[in-house]
Structures are given as structure tokens and as C-alpha cells.
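# Topology and contacts: notes
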Amino acid sequence: MHIRNTILGSIHLIIYGLLGAWLKIYYGKLWNLKSRIFICLIIVTWLIRRWSYANYGIEDFLGGLLFQNIPAIIILLLLPILDKYRKKKGLIFKLITFVSIISYSMYLVHSFVNIGIMAPMTNFSFTNITSLSIIIKYIIFISITMFISFITYIIIELPFMRLRENKKIKSLFQRTKI
């Protein structure tokens, strides 16, 4: 197992989310640029990823660095576009909201699902690798990841988030005037 396949090896990717939050708060005009600009940047970033894979492969340091970071950069570039849709109604927007709520749990769980459940399943389930088997495997992976993430969100994250509103907890962290 490579370090890049674990949470520890990809924790730096969360910095892109922090960068996005920082840009939205301190550089709102940049965040609110036209969607077409972000789509063009996404396409250019995706082309850089394809170029790095073709020229370096993922085992080379530069190729691995670009191959691993560019999807996170693409997601960062998608955030301003998706942010404009957060108050809309409909099934697609509810699904986007649901995924955004459980996204941190998904970040924590996805490696374990991939290594602990999907890798052993692949060894004996899909001996003939076809496009259909890859799609089925991906749907199973996403479903299991989202289910475990939802349970993790309900059991762990939500109770801790509710503690923020607890008056006793708030009083512990309030600044006292001297």
C-alpha cells in the first residue's frame, strides 16, 4: 500500500478547501467571477493532468504530484460554480446539499472503503474487466462510501456540531474581560 492511498498521504488536499474558504471570505470578487472563466480554468487544469500522465506517469514524482493534486484543484475551481446553486430547489440540488453535508465523512471513509472493501472484492468479483464491471464497481464504491459517511455523520459529527450551541460549552470558550 502506498502512502498516497491513505488519509495521511492525502491530508494536504484539504488545504485546497481551506484555500477556497479563504478566497470566498477575503476575495469575494474573485470568487464571484463568471462561471465560464472557472470552466475554462477547469478544462486547462484537466489538460495539464492528462499531459502529466502521458509524459510522466503516476510513479514519477512530478507526474504523481500533478496526478494527485489536479483533481483537488478542479474541485476547488468547481466550488464557486456550485456555490451559486446552494439555494435552489429540486432533486439535483438536494443531492448536492446532501453530499456537501457528508463530504468530510466521505473524505475520512473513502480510503478505508477502497482498501478494505473494494480491493478484496475486485480480486474475486470482476475477473473479466469490462466497462460495465468498472461502472458497477464505481457505483458500489460510491454507495458504500456514502452510506458509511452518512452513518458517521449522524453518530459522530452531528452530536459534536450540536455541542457548539450548548451554553455550558460556549461559556468555557468565551473570552473574559480583564
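Thresholds applied
Residues numbered from 1 in each chain as written. Predicted model: local features only at pLDDT ≥ 70, side-chain atom pairs only at ≥ 80, totals over all residues. Heavy atoms only, no water. Helix = DSSP H or I, 4+ residues; strand = E, 2+ residues; numbered from the N terminus. Buried < 20%, exposed > 50% of the residue type's maximum accessible area, 1.4 Å probe, protein only. Contact = heavy atoms within 4.5 Å. Areas by Shrake-Rupley, 256 points an atom, 1.4 Å probe, with all protein chains shown as cover. Expected span 1.5 Å × (residues − 1). Arc of directions from axis to C-beta. Phe/Tyr/Trp six-rings, centres within 6.5 Å; stacked < 30°, edge-to-face > 60°. Bend = angle between axes of the 7 residues up to and from the residue.

The next point concerns the overall build of the protein chain. When its secondary structure is counted, the protein chain shows eight helices and zero strands. When its helices and strands are written in sequence order, the protein chain yields α-α-α-α-α-α-α-α. Taking all 178 residues of the protein chain together, 24% fall into the buried category. Long-range contacts, defined as pairs at least 24 residues apart, comprise 69% of the intrachain contacts of the protein chain with a sequence gap of at least 6. Working note: accessible area of the protein chain is about 13,600 Å², and carbon and sulfur atoms make up 71% of it.

Below, the discussion takes up helix 2 (residues 14-26). For helix 2, spanning 13 residues, the distance from its first C-alpha to its last is 19 Å, which sits close to the expected 18 Å at 1.5 Å a residue. Taken together, the buried positions of helix 2 are occupied by Tyr16, Gly20 and Leu23. Buried residues in helix 2, looked at end-on, bunch into an arc of 65°, giving them a common side. When the buried face of helix 2 is taken as reference, the exposed residues oriented beyond 90 degrees from it are Ile15, Leu18, Ile25 and Tyr26.

The next thing to look at is the packing of aromatic side chains. Under the definition given, this model contains four aromatic pairs. Through a chain of ring-to-ring contacts, three or more aromatic side chains come together here, namely Trp22, Tyr26 and Tyr27.

Moving on: helix 7 (residues 131-163). The first and last C-alpha atoms of helix 7 sit 46 Å apart over 33 residues, in line with the 48 Å expected at 1.5 Å per residue. Along helix 7, the largest kink reaches about 40° and is centred on Tyr153. Inspection of helix 7 places Ser133, Phe141, Thr145, Met146, Ser149, Tyr153, Glu157 and Leu158 among the buried residues, and these make up the whole buried set.

Bringing the side chain of Thr145 into the picture now. Relative to the elements of secondary structure, Thr145 occurs in helix 7. The class for Thr145 is buried, based on a relative accessible area of 2%. Among residues more than four places away in sequence, those in contact with Thr145 are Met106, Val109, His110 and Val113.

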